[in-house]
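Chain by chain, the residues:
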Amino acid sequence: MVHQPPRGARDLLPLDVTQKQWVETRLRRVFQGWGYHRIITSTLERLDTLMAGDAIERSSVVTVQGDDEVELGLRPELTASIARAAVTRLAGTSFPLRLYYQANVFRQVYQGGRTIPQEYYQAGIELLGSGGLLADAEALLLLTDCLATLGLVPTAAEQNDPESSPLPWFLILGEAGLTHSLLDPFPEAVRKPVRHAIAHLDRLGLGTLALGPDLEAYALELFDLRGEPAQVLQRVSQLNLTPQQRERVTNLKDLVHLLGDSLKSRFPSFGGRSPLILDLSLVQTFDYYTGIIFEVVRQTDSGQWQLGQGGRYDQLLGLYNPDGSCHPGIGFSLNIEVLQQVLLTLGQLPEFPPASQWLVVPMVPMVYGAAIAYGQKLRDTAEAVRVELHLQPDMSPQEIRDYARDRRLQRIAWIRPDALPDLEIVE
């Protein structure tokens, strides 16, 4: 019988772990540089916590049998768990809270006619207790800073010819509250299929909904609310908007202006081109977003890679607060496996696990203790030095040298009786 991990799970071998840690280390430096602190929440949560007031569908949660009547599940994302921890375990802490995470998540995914649990790795941030323009800008600029530190910027050759080379990624920005409200004129029974048709540019599907000429014409206007930000803002401003909708549009204009200036300064290698796309049909998987929503994608000849996603949620913390009081929040998650795949194609990641610096070789059994002691001495005298103890006494010195060369070991310490260690650099 061949024992394999369950479908949807996979083992991370040493090279996989090395590359994953390469990505996570760089992201962690960015998070900490912006003043964020790491939080680790429970992998296992109450199901009602994970569903975030039905914003997350029960069918997407991998459920676990508990020992009492409380239903449990594995976290499908981190935002709900962090919101729960913030209002319970961090009650009394002054706002804003800047928190980051690097963790695995689990989701039920429908594939091939059946539901399969899937495991993913994410890194991200949550900025809790602060709303408004500057908080939105912080989250978005922190996200772009993460991409820059991973090397997702144009190459030198692309910088010399920016017009013919694509940007390394696009930041697609939407507004959940505005998008929901723009669908209010449609009867509730068709609102969801209309939104699906708009989000997927499905004009044929829209025509099957029997909306009537006025609503169909209005729906077709909503199809055009994506593209270059200034043009989209102009088009949406021409609609018959309520005062609340106009306020959201004004806030979007302010955010687009602030982001445009900041991105131009942060990424001069983009040659003046903007990676920002405004898309008021943008829909996120989880339905707790109340303000801006966004995703960052990389477009290649082989398809589109979603590197990360996030948004503003100003009602979520109230679900977990005993007195029901709300605090604003915004956050994003980056998809570690997708980033690994993209960075592999760009040659950015390590090609080998880290090699040891030393191989300590006891030449005869009577010096085993001395070899162990010398290996420990090496470990104690340098930071993060890797020292291996040779375990195969039947190998010849030349075979040991070949072994060290194959393993990319840098030095050999030969330990002999009644003599100082004989040190050799591996050529």
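Refer to the structure presented above.
So, here's what we can say about the structure.

## Let's talk about the overall build of the chain
So, point 1. Summing up its helical and strand segments, the chain has 14 helices and 16 strands in all.
So, point 2. Dimensions of the chain along its principal axes, counting C-alpha atoms only, are 95 × 65 × 50 Å.
So, point 3. Looking at the 427 residues of the chain, the share that counts as buried comes to 45%.
So, point 4. Contacts in the chain between residues at least 24 apart in sequence constitute 69% of all its contacts with a sequence separation of at least 6.
So, point 5. Approximately 22300 Å² of the chain is accessible, and the part contributed by carbon and sulfur atoms is 52%.

## Considering the sheet that holds strand E3 (residues 62-64)
So, point 1. Taking strand neighbours across the sheet as the criterion, the 3 strands line up as E2-E4-E3 in an open arrangement whose pairing is antiparallel. The two strands at the open ends of the sheet, each matched to only one other strand, are strand E2 (44-46) and E3. With direction set aside, neighbouring strand axes in the sheet form an average angle of 40 degrees.
So, point 2. Sheet topology places E2 next to strand E4 (residues 72-74); 3 bridges connect them, and they run antiparallel. Following the sheet pairing, Glu45 is matched in E4 by Gly73.

## Structural notes on the pattern of salt bridges
So, point 1. Here the structure, examined in full by the defined rule, presents 13 salt bridges.
So, point 2. A salt bridge links Lys20 to Glu24, with the shortest nitrogen-to-oxygen separation between them at 2.8 Å. Here Lys20 pairs with Glu24, and both are found in helix H1 (residues 14-33), just 4 residues apart, close to one helical turn. Judged on exposure class, the residue Lys20 and its partner Glu24 are both buried.
So, point 3. One connected set of salt bridges, linked through shared partners, spans Asp136, Arg312 and Asp314.

## So, the packing of helix H10 (residues 229-237) against helix H11 (residues 243-266)
So, point 1. At a closest axis distance of 11 Å, the pairing of H10 and H11 adopts a crossing angle of 165 degrees. Comparing their axes, H11 and H10 come out roughly antiparallel. Like other packed secondary-structure pairs, H10 and H11 cross with a definite hand, here left-handed. Residue-level inspection shows Pro229, Leu233, Val236 and Ser237 of H10 in contact with H11, the latter providing Arg246, Val249, Leu252, Lys253 and Val256.
So, point 2. Per-class residue counts for the contact of H10 with H11 are 6 nonpolar, 1 polar and 2 charged.

## A short note on the packing of helix H4 (residues 133-149) against H11
Packed helices, taken two at a time, are described by the angle between their axes plus the distance between the axes.
So, point 1. Where H4 meets H11, the closest approach of the two axes is 10 Å, and the angle between their N-to-C directions is 30 degrees. Judged by the inter-axis angle, H4 sits roughly parallel to H11. As H4 runs across H11, the sense of the crossing is right-handed. Seen from H4, the contacting residues are Leu133, Asp136, Ala137, Leu140, Leu141, Thr144, Asp145 and Ala148; seen from H11, they are Asp254, Leu255, Leu258, Leu259, Ser262, Leu263 and Arg266.
So, point 2. In the contact of H4 with H11, the residues fall into 9 nonpolar, 2 polar and 4 charged.

## Brief notes about helix H9 (residues 213-223)
So, point 1. Burial in H9 covers these residues: Tyr218, Ala219, Leu222 and Phe223. Down the axis of H9, the sector holding all buried residues measures 160 degrees, keeping them to one side. Across H9 from its buried face, at more than 90 degrees, point the exposed residues Pro213 and Asp214.
So, point 2. Where H9 is buried, its residues touch helix H6 (176-182), helix H7 (188-199), helix H8 (203-207) and strand E8 (226-227).

## Considering the packing of aromatic side chains
So, point 1. If you walk through the whole model with that rule in mind, you get 8 aromatic pairs.
So, point 2. Both rings, one in Phe267 and one in Phe270, keep their centres 4.9 Å apart while their planes meet at 20 degrees; by these two values the pair is stacked. For the pair Phe267 and Phe270, one class covers both residues: buried.
So, point 3. Ring geometry for Tyr288 and Tyr313: centres 6.0 Å apart, planes at 75 degrees, overall edge-to-face. Remark: Tyr313 occurs in the loop between strand E11 (303-312) and strand E12 (329-335) and Tyr288 occurs in the loop between strand E9 (276-279) and strand E10 (292-300); sequence separation between them is 25 residues. Residues Tyr288 and Tyr313 agree in their burial class; the two are buried.
So, point 4. Cluster of aromatic residues (ring-pair linked, three or more members): Phe286, Tyr288, Tyr289 and Tyr313.

## Looking at the environment of Val64
So, point 1. With respect to the element layout, Val64 can be found in strand E3.
So, point 2. Separated by 24 residues in sequence, Val64 and Ile40 place their C-alpha atoms 20 Å apart.

## Re the environment of Pro76
So, point 1. Here Pro76 is to be found in the loop between E4 and helix H3 (79-88).
So, point 2. For Pro76, a relative accessible area of 0% translates into the label buried.
So, point 3. Remark: the alpha-carbon pair of Pro76 and Ser130, spanning 54 residues in sequence, is separated by 25 Å.
So, point 4. Each residue touching Pro76, except ones within four places of it in the same chain, is listed here: Leu50, Ile56, Ser60, Val61, Val105, Phe106, Arg107 and Phe286.

Criteria and thresholds
Residues numbered from 1 in each chain as written. Predicted model: local features only at pLDDT ≥ 70, side-chain atom pairs only at ≥ 80, totals over all residues. Heavy atoms only, no water. Helix = DSSP H or I, 4+ residues; strand = E, 2+ residues; numbered from the N terminus. Buried < 20%, exposed > 50% of the residue type's maximum accessible area, 1.4 Å probe, protein only. Contact = heavy atoms within 4.5 Å. Areas by Shrake-Rupley, 256 points an atom, 1.4 Å probe, with all protein chains shown as cover. Pairing = 2+ DSSP bridges. Axes fitted to C-alpha atoms, helices over the stretch in contact; angles between N-to-C directions. Salt bridge = Lys/Arg side-chain N within 4 Å of Asp/Glu carboxyl O. Parallel < 35°, antiparallel > 145°, perpendicular 65-115°, else oblique. Left-handed = near helix turned anticlockwise from the far one by under 90°. Nonpolar A, V, L, I, M, F, W, Y, C, P; charged D, E, K, R; others polar. Arc of directions from axis to C-beta. Phe/Tyr/Trp six-rings, centres within 6.5 Å; stacked < 30°, edge-to-face > 60°.

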